[in-house]
Amino acid sequence: MELGATVMGLFVCALAHILEMDTYRYHGHSMSDPGSTYCTCDEISNERQERDPIERVRKLLLAHDIASEKELKDIDERV
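Residue positions are counted from 1 within each chain, in the order its sequence is given. The predicted origin of the model limits local features to residues at a pLDDT of at least 70 and limits the giving and counting of side-chain atom pairs to 80 or more, whereas totals for whole chains, interfaces and linings rest on all residues. The basis for every side-chain value is the complete set of non-hydrogen atoms in the structure, without hydrogens or water.

Trainee: Would you explain the overall build of the protein chain in this entry?
Mentor: Helix and strand definitions here come from DSSP, where helices need a minimum of 4 consecutive H or I residues and strands a minimum of 2 consecutive E residues; each element is numbered from the N-terminal end. Each helix and strand in the protein chain was counted, giving 3 helices and 0 strands. Each helix and strand of the protein chain, placed in order from N terminus to C terminus, yields the pattern α-α-α. Long-range pairs, those at least 24 residues apart, make up 26% of the contacts in the protein chain between residues at least 6 apart in sequence. Only the protein chains shown count as cover for residues, and all accessible areas are computed by the Shrake-Rupley method using a 1.4 Å probe. Of the accessible surface of the protein chain, which amounts to about 7600 Å², a share of 56% is contributed by carbon and sulfur atoms. In this description, contact between two residues means that some pair of their heavy atoms is separated by no more than 4.5 Å.

Shown next, in the form of structure tokens:
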């Protein structure tokens, strides 16, 4: 996992950013599509454990000393 690029402030506007989002569909496309045929319960459970985006960001914030456990816990309690 890598956090963005470092650039001099004057050149920020010259950067182009491309984001590739690797997502997982937990549910069907709509209320009339339950999505139960897309994957098994075990697959969903595994995806949530291995690729949960909130947990991944939490780990990045801690690893890069951007936030402490207490700060993140306080945020969780407010949300």
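Trainee: Honestly, helix α2 (residues 53-63) in this entry has me stumped. Any pointers?
Mentor: Polar contact criterion, stated in full: a pair of N or O atoms within 3.5 Å, where within protein one must be able to donate a hydrogen and the other to accept it, and residues adjacent in sequence count only if both atoms are side-chain atoms. By the N-cap criterion, in which a side-chain oxygen at the helix start approaches the backbone nitrogen of a residue two or three places on, α2 is capped by D52, the distance to I54 being 3.0 Å. Phi turns positive, to about 50 degrees, at D65, one or two residues after α2.

Trainee: Where do I start with the side chain of E47 in this structure?
Mentor: Its place among the elements puts E47 in helix α1 (residues 41-51). Throughout this description, buried means an accessible area under 20% of the type-specific maximum (1.4 Å probe, protein chains only), exposed means over 50%, and partly exposed covers the range between. In this structure E47 comes out as buried when scored by relative accessible area, which is 15%. Setting aside residues up to four positions removed in sequence, E47 forms contacts with Y24, Y26 and D52.

Trainee: What am I meant to see in the pattern of salt bridges here?
Mentor: Between side chains of opposite charge, pairing is possible as soon as their charged atoms come close. The salt bridge definition used is simple: a Lys or Arg side-chain nitrogen within 4 Å of an Asp or Glu carboxyl oxygen. Here the structure, examined in full by the defined rule, presents 4 salt bridges. One salt bridge connects R58 with E69, and the closest N-O pair in it is separated by 2.9 Å. Of this pair, R58 sits in helix α2 while E69 sits in helix α3 (residues 69-78); the two residues are 11 residues apart in sequence, bridging distant segments of the chain. Residue classification places R58 among the partly exposed residues on the basis of a relative accessible area of 26%. By relative accessible area, which is 47% here, E69 ends up partly exposed. Salt-bridge contacts for D74 lead to K70; the nearest nitrogen and oxygen are separated by 3.0 Å. Remark: K70 and D74 occur in helix α3; sequence separation between them is 4 residues, near one turn of the helix.

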